[in-house]
Amino acid sequence: MVMIVPKADKCRAFTLAEVLIAMGISILTMVGVIYGYISSCKRAEWSAYSLAAQSLAIQRIEQARACRWDTEAYPVIDELVASNFPPVKSVLDVPSSGTNLTYATVTTTITQIGNMPSLRMIKVDCEWTFFQGKKFTNTLVTYRGPDS
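Residues numbered from 1 in each chain as written. Predicted model: local features only at pLDDT ≥ 70, side-chain atom pairs only at ≥ 80, totals over all residues. Heavy atoms only, no water.

### Quick notes on the overall build of the protein
Here's step 1: When helices and strands are tallied, the protein shows 2 helices and 6 strands.
Here's step 2: Seen in sequence order, the protein has helices and strands lined up from the N terminus as α-α-β-β-β-β-β-β.
Here's step 3: For 148 residues, the compact-globule formula gives about 15 Å, and the C-alpha radius of gyration of the protein, at 31 Å, lies well above that figure.
Here's step 4: Seen along its three principal axes, the alpha-carbon backbone of the protein occupies a region of about 120 × 35 × 25 Å. (Helix = DSSP H or I, 4+ residues; strand = E, 2+ residues; numbered from the N terminus. Rg over C-alpha atoms; globule rule 2.2 N^0.38 Å.)

Spelled out as structure tokens, the structure:
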């Protein structure tokens, strides 16, 4: 019995072009995965900073809503004035290590909307910086009438 064996070495190898194309596809895939990971990490960190700034703004809104403003008392009690809410620079409550703290400036604006009925607009801006000094602002607005 005679067995015919094909020339194995010439038929079974990859060419240099096939290897380079496969490596190129692998490198592009890995770059895409790494870029996606870095982007998701930055977005998660930005969300943490934004939520911390939102928390500071909500805290200032609650302080303004807790002020006494009684138009029926004698003398009239009015603690809801802009001078009671100076701009405050606070540290954002995000996990950090070392000296990489991020500060936010909380500014409160109180505007008289009407006299009949009495109504005021309370606007709180919380400005903070992120990645390469870009500034962001979280803004909250609410309306409030006098206590009665």
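After that view of the structure, there is still more to cover.
### Considering the pairing of strand 4 (residues 103-115)
Here's step 1: The sheet contact formed by strand 3 (residues 88-91) and strand 4 spans 4 bridges and is antiparallel. Bridging from a neighbouring strand, Lys 89 pairs with Thr 105 of strand 4.
Here's step 2: Where strand 4 meets strand 5 (residues 118-130), 11 bridges bridge the pair, whose relative direction is antiparallel. Counted as the bridge partner of Gln 112 is Arg 120 from strand 5.
Here's step 3: Linking strand 4 back to strand 5 in an antiparallel pair, the connection comprises 2 residues. (Pairing = 2+ DSSP bridges.)

### A short note on the state of the cysteines
As used in these notes, a disulfide is a covalent bond between sulfur atoms, one from each of two cysteines.
Here's step 1: Here the structure, examined in full by the defined rule, presents 0 disulfides.
Here's step 2: Free of any disulfide, Cys 67 has its nearest neighbouring cysteine sulfur in Cys 126, separated by 18 Å.
Here's step 3: For Cys 67, a relative accessible area of 12% puts it in the buried group. (Disulfide = S-S within 2.5 Å. Buried < 20%, exposed > 50% of the residue type's maximum accessible area, 1.4 Å probe, protein only.)

### Description of the pairing of strand 6 (residues 134-144)
Here's step 1: Sheet topology places strand 5 next to strand 6; 11 bridges connect them, and they run antiparallel. Note that in strand 6 the partner of Met 121 across the bridge is Tyr 143.
Here's step 2: With antiparallel pairing between neighbouring strands as the criterion, strand 5 and strand 6 make up a hairpin whose turn holds 3 residues, including Phe 131 at a positive phi of roughly 25°.

### Comments concerning the sheet that holds strand 3
Here's step 1: Read from one edge to the other, the open sheet built from 4 strands follows the order 3-4-5-6, with strand pairing classed as antiparallel. Looking at the sheet topology across the chains shown, the edges are occupied by strand 3 and strand 6. Each strand of the sheet is rotated relative to its neighbour by a mean of 25°, with strand direction disregarded.
Here's step 2: With respect to the sheet, helix 2 (residues 16-65) is in contact with strand 3, strand 4, strand 5 and strand 6, its orientation differing from that of strand 5 by roughly 150°. (Axes fitted to C-alpha atoms, helices over the stretch in contact; angles between N-to-C directions. Contact = heavy atoms within 4.5 Å.)

### Here's the deal with the pattern of salt bridges
Here's step 1: What the rule picks out here adds up to 4 salt bridges.
Here's step 2: A salt bridge links Lys 135 to Glu 127; the nearest nitrogen and oxygen atoms lie 3.5 Å apart.
Here's step 3: The partner of Asp 147 in a salt bridge is Arg 144, and the shortest N-O contact between them spans 2.7 Å. (Salt bridge = Lys/Arg side-chain N within 4 Å of Asp/Glu carboxyl O.)

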